[in-house]
Amino acid sequence: MKVLPIVWQRLVTADGETCDRCGNTYLEMLHAVEILRQELHPLGIEPVLRTKTISENEFKAHPEESNRIWIGNKTLEEWLDAKAGESQCCAACGDANCRTLQLDAVEYEVVPQQLILKAALKAAAML
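Now for a quick tour of the structure.

Calculation criteria
Residues take numbers from 1 onward in each chain, read along the sequence in its written order. With pLDDT at 70 or above as the cut-off, local features in this predicted model cover only qualifying residues; side-chain atom pairs require 80 or more to be listed or tallied, and sums for whole chains, interfaces and linings still use all residues. Side-chain calculation: all heavy atoms of the structure are included, whereas hydrogens and water are not. By definition, any uninterrupted DSSP run of H or I lasting at least four residues is a helix, any uninterrupted run of E lasting at least two residues is a strand, and each is numbered from the N terminus. With a 1.4 Å probe rolled over the protein chains alone, any residue whose accessible area is under 20% of its type maximum counts as buried; one over 50% counts as exposed, and the rest are partly exposed. Counted as positive: Lys and Arg. Counted as negative: Asp and Glu. His and the chain ends are not counted at all. Any Lys or Arg side-chain nitrogen located within 4 Å of an Asp or Glu carboxyl oxygen qualifies as a salt bridge. Contacts are assigned to residue pairs that have any heavy atoms within 4.5 Å of one another. In this scheme, strands are said to pair when DSSP sees at least two bridges between them. Orientation is described by axes fitted as lines to C-alpha atoms, over the contacting stretch for helices, and by angles from 0 to 180 degrees between their N-to-C directions.

## Side note on the side chain of R10
1) Next: As for its position among the elements, R10 is in strand 1 (residues 2-11).
2) Next: One buried charged residue, R10, forms no salt bridge at all, with the nearest opposite charge on E58 at 10 Å.
3) Next: Beyond its immediate chain neighbours, meaning those up to four positions away, R10 contacts T18, C22, T51, K52, T53, I54, S66 and N67.

Following this line, the structure appears as structure tokens:
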């Protein structure tokens, strides 16, 4: 079976906290991966989700790295022809802006399942 690697990373504080947008993106990611398992299994492709954490110090140096998704060897933005943006978030992020996804004229704070699916299906077609 071919593997479709999916990597998602987010800030996790020393207290084990993450921001709401990262937490909700994770839920969207879990739903998307379950759908992908069902849809891609007959094609001999297995999506494999790996989560990574970045520390508060790493986040302070590079806040744009939180809530970032790679599918295969490309970022979600590359698959969707989208851009990464940023906006004020919540207590876990402190004063730093957190990553958003900008697609067409819409800015997503939480990456929706349907966009993860769209990017993953494009990636699967390239395997």
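What follows continues from the structure just given.
## A closer look at the pattern of salt bridges
Opposite charge on two side chains makes pairing possible when the charged atoms of those side chains draw close.
1) Next: Tallied over the entire structure, the rule returns 4 salt bridges.
2) Next: A salt bridge links R21 to E109; the shortest N-O distance between them is 3.3 Å. Linking R21 in helix 1 (residues 20-40) with E109 in the loop between strand 7 (106-108) and helix 4 (113-125), this pair joins segments that are 88 residues apart in sequence.
3) Next: A relative accessible area of 41% means that E109 is categorised as partly exposed.
4) Next: With a shortest N-O distance of 2.8 Å, E65 and R68 are connected by a salt bridge.

## A short note on the sheet that holds strand 1
1) Next: Strand order in the open sheet made by the 4 strands is 2-1-3-4, with mixed pairing throughout. Two strands close off the open sheet at either side, each with one partner strand: strand 2 (45-54) and strand 4 (74-75).
2) Next: Sheet analysis places strand 3 (residues 68-71) next to strand 4, joined by 2 bridges and oriented antiparallel. The residue bridging W70 from the neighbouring strand is T75, located in strand 4.
3) Next: Lying over the sheet, helix 1 contacts strand 1, strand 2 and strand 3, oriented at roughly 175° with respect to strand 1.
4) Next: Here helix 4 sits on the sheet and contacts strand 1, strand 2 and strand 3; the angle it forms with strand 3, its principal contact strand, is near 25°.

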